[in-house]
Structures are given as structure tokens and as C-alpha cells.
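Coordinates in review
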Amino acid sequence: MEALSVFITGILRYFFPAMAFIILSRCIVSLFRNRPRVHKMAQLRDIQSGNVYDIDHWETSIGRSKSNDITLTQPTVSRFHAVVAKKKRDWVITDTFSKSGVYVNAKKIKNKAVIEDGDILSIGGVSFKFNCAEAISYKSREEMKRNVKKQNVMAYGVLVDVATHKPVYIKKKDVLIGRSDYADIKIISDKVSAEHARIYQTSKGFAVCDLDSHNGTKLNGRFISQPRLIFDNDMLTFGDRVFVYYEK
């Protein structure tokens, strides 16, 4: 009996450290495999100097004070000049009581204004190009929706390419999206993986999931790491291609 106890104790002495090592190794692998992506929501490019400022927060303050997220040294810029923010429906720029004002596409704004991809923002005389493929205003998305609704096509839903306004209809309950020839929705882009994502029907509606793609899948400007339900007017980004999803 004593010999058996010694034998079991000897085994356990190595078993528990080995199990701890295996668990730790799996945690480390999982950590690196599912590490959060560096998220750049948008960019401001100084038209004159070419300097690029990344926007990676829901709200980004701009002004001469060093406490701002983006600091501009020009004397025409107020200490706290403006704020660029991602709201529920739109991207918005707000004039935070600056002296020289804020202009969007050469038009001075009153308090705040909706901004879209490619708009020119003037802050204290410094001009920036706002770059964000997902910055499509609610008004623009509704206009695209009306155009799609005019086409009498039987489908579960439709994805509209923001760049071309071309509709891609979802005619199956489970579709593969990617660069491969066998994808149900083929996207020709080096930023899109062969098998990039899936859109499929669930008991609660349609959902999107990323298939461990190289450049990720975004829903309304945010990377997803697990399946998410999608709804009318949602924006889906596969690599560098942006689509608006509409229910049929």
C-alpha cells in the first residue's frame, strides 16, 4: 500500500507541472492568435504638408493645446478648436467655440456638421482631407437604399459596394465572401482573403463572421472577433472594400 502511495505521488509530482505547462502554452497561443488589431478608424491628411494624423478614438479633439489628441501649432488655431467624432449614424465635426471657425468643403459650419470620406476640413486655416471609407452619411445610405429598392430582385438581402454603388444580392441562407473563385460573393482585392467571411441566417436574423482573414472584417467601422447580427443600413468592411447591407 505504501509503495502504491509513493508511486502515485511520484506521478502527480510531474503530472501537475506538465498540465500547467500545457494550459499556459495554449493560453499564450490563443493570446497571439486572437490579439486585438490596431484599429485606425480614420485619417486626417494635411493637404499642404502631407502630414497624416490617425484617428483611433470615438472622439478626437483638435487644437493648439497639447492636451488635444491632435495638436496644431499655427496661431490661427484655437486652443480647443474642434472635435471629430463617430456617432451612431454619422461622422461629425463640431466647432468647440473657436475664433476662426471650422469649414467643411469651403462652407463654414454652425456648431457641427456631418462629414464623409474625402471631405475637406479647414481648421484655423489648416486644410485637411478626411479619409475614411466607412464615413458614409446616413443620408447617402438612405439614397442608395432607395435605388436598390427600385430593382425587383428576389433575395434575402443585398450588399451595395460603397465605391461603385453596385448591388450584390444575397440569394442563399449561407454565403461565403472572399477572393477565391468558389466564393459566393467574389471580391477582387489583395486585401481580401480567399475565404474572408460568411454571412448566414440565424434564428434571430442574418449574421456576419470573420473566417480568420488576414486583414479582418469590420461591422460599422469596428473589427469583429466573433459572429455579429447585422441589420438594415449596417456597414460591412472586408479588407479594404466597404459595403452597406440592406434587408430585402
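Computed from a predicted model, the values in this text were never measured in an experiment.

Rules of the game
- Residues numbered from 1 in each chain as written.
- Predicted model: local features only at pLDDT ≥ 70, side-chain atom pairs only at ≥ 80, totals over all residues.
- Heavy atoms only, no water.
- Helix = DSSP H or I, 4+ residues; strand = E, 2+ residues; numbered from the N terminus.
- Buried < 20%, exposed > 50% of the residue type's maximum accessible area, 1.4 Å probe, protein only.
- Contact = heavy atoms within 4.5 Å.
- Areas by Shrake-Rupley, 256 points an atom, 1.4 Å probe, with all protein chains shown as cover.
- Pairing = 2+ DSSP bridges.
- Phe/Tyr/Trp six-rings, centres within 6.5 Å; stacked < 30°, edge-to-face > 60°.
- Lys NZ or Arg CZ within 6 Å of the ring centre and 35° of its normal.

**Observations regarding the overall build of the chain**
- What the chain contains, in helices and strands, is 2 helices and 22 strands.
- Within the span of the chain, comprising 248 residues, buried residues form 40% of the whole.
- Contacts spanning at least 24 positions in sequence make up 37% of the contacts within the chain whose residues lie at least 6 apart.
- Of the roughly 15,200 Å² that the chain leaves accessible, carbon and sulfur atoms contribute 55%.

**Quick notes on the sheet that holds strand β5 (residues 82-86)**
- The sheet built from 5 strands is open, its strands ordered β4-β3-β5-β6-β9 with mixed pairing. If you trace the sheet from one side to the other, it starts and ends with β4 (70-71) and β9 (112-115), each paired once.

**With respect to the sheet that holds strand β14 (residues 174-178)**
- Taking strand neighbours across the sheet as the criterion, the 5 strands line up as β15-β14-β16-β17-β20 in an open arrangement whose pairing is mixed. The sheet is open, and its two edges are formed by β15 (185-186) and β20 (228-229), each paired on a single side.
- Where β14 meets strand β16 (residues 197-202), 4 bridges bridge the pair, whose relative direction is antiparallel. Opposite Val175, over in β16, you have Ile199 as the bridge partner.

**Considering unusual backbone geometry**
- For Ala106, which is not glycine, the phi dihedral falls at a positive 70°.
- In this fold, Ala106 is placed in the loop between β7 (102-104) and β8 (107-108).
- Classification of Ala106 by relative accessible area gives exposed; the value is 76%.
- Not every positive phi belongs to a glycine, and Asn111 is a case in point at roughly 70°.
- Mapping Asn111 onto the fold places it in the loop between β8 and β9.

**Re the packing of aromatic side chains**
- The tally for this structure, following the rule as stated, stands at 4 aromatic pairs.
- With centroids separated by 5.8 Å and ring planes inclined at 50°, the aromatic side chains of Tyr156 and Phe206 adopt a geometry described as tilted. Taken together, the positions of Tyr156 in the loop between α2 (138-149) and β12 (157-161) and Phe206 in strand β17 (residues 205-210) put the pair 50 residues apart, joining distant regions of the chain.
- Note on Tyr156: relative accessible area 34%, which makes it partly exposed.
- Residue Phe206 is classed as buried on the basis of its relative accessible area, which comes to 9%.
- Relative to Phe243, the ring of Phe238 lies with its centre 5.9 Å away and its plane at 50°, an arrangement referred to as tilted. The residues Phe238 and Phe243 share a single accessibility class, namely buried.
- Lying over the aromatic face of Tyr200, Arg198 brings its terminal NZ or CZ to 4.3 Å of the ring centre.
- The ring centre of Phe223 lies 5.3 Å from the NZ or CZ of Lys218, which sits over that ring.

**Considering the pairing of strand β3 (residues 59-63)**
- Within β3, 4 of the 5 residues are buried, which leaves the element mostly enclosed by the surrounding structure.
- As paired elements, β3 and β5 share 4 bridges and run antiparallel to each other. Paired with Thr60 across the two strands is Val84, which belongs to β5.
- Direction of pairing for β3 relative to β4: parallel, over a ladder of 2 bridges. Paired with Ile62 across the two strands is Ile70, which belongs to β4.

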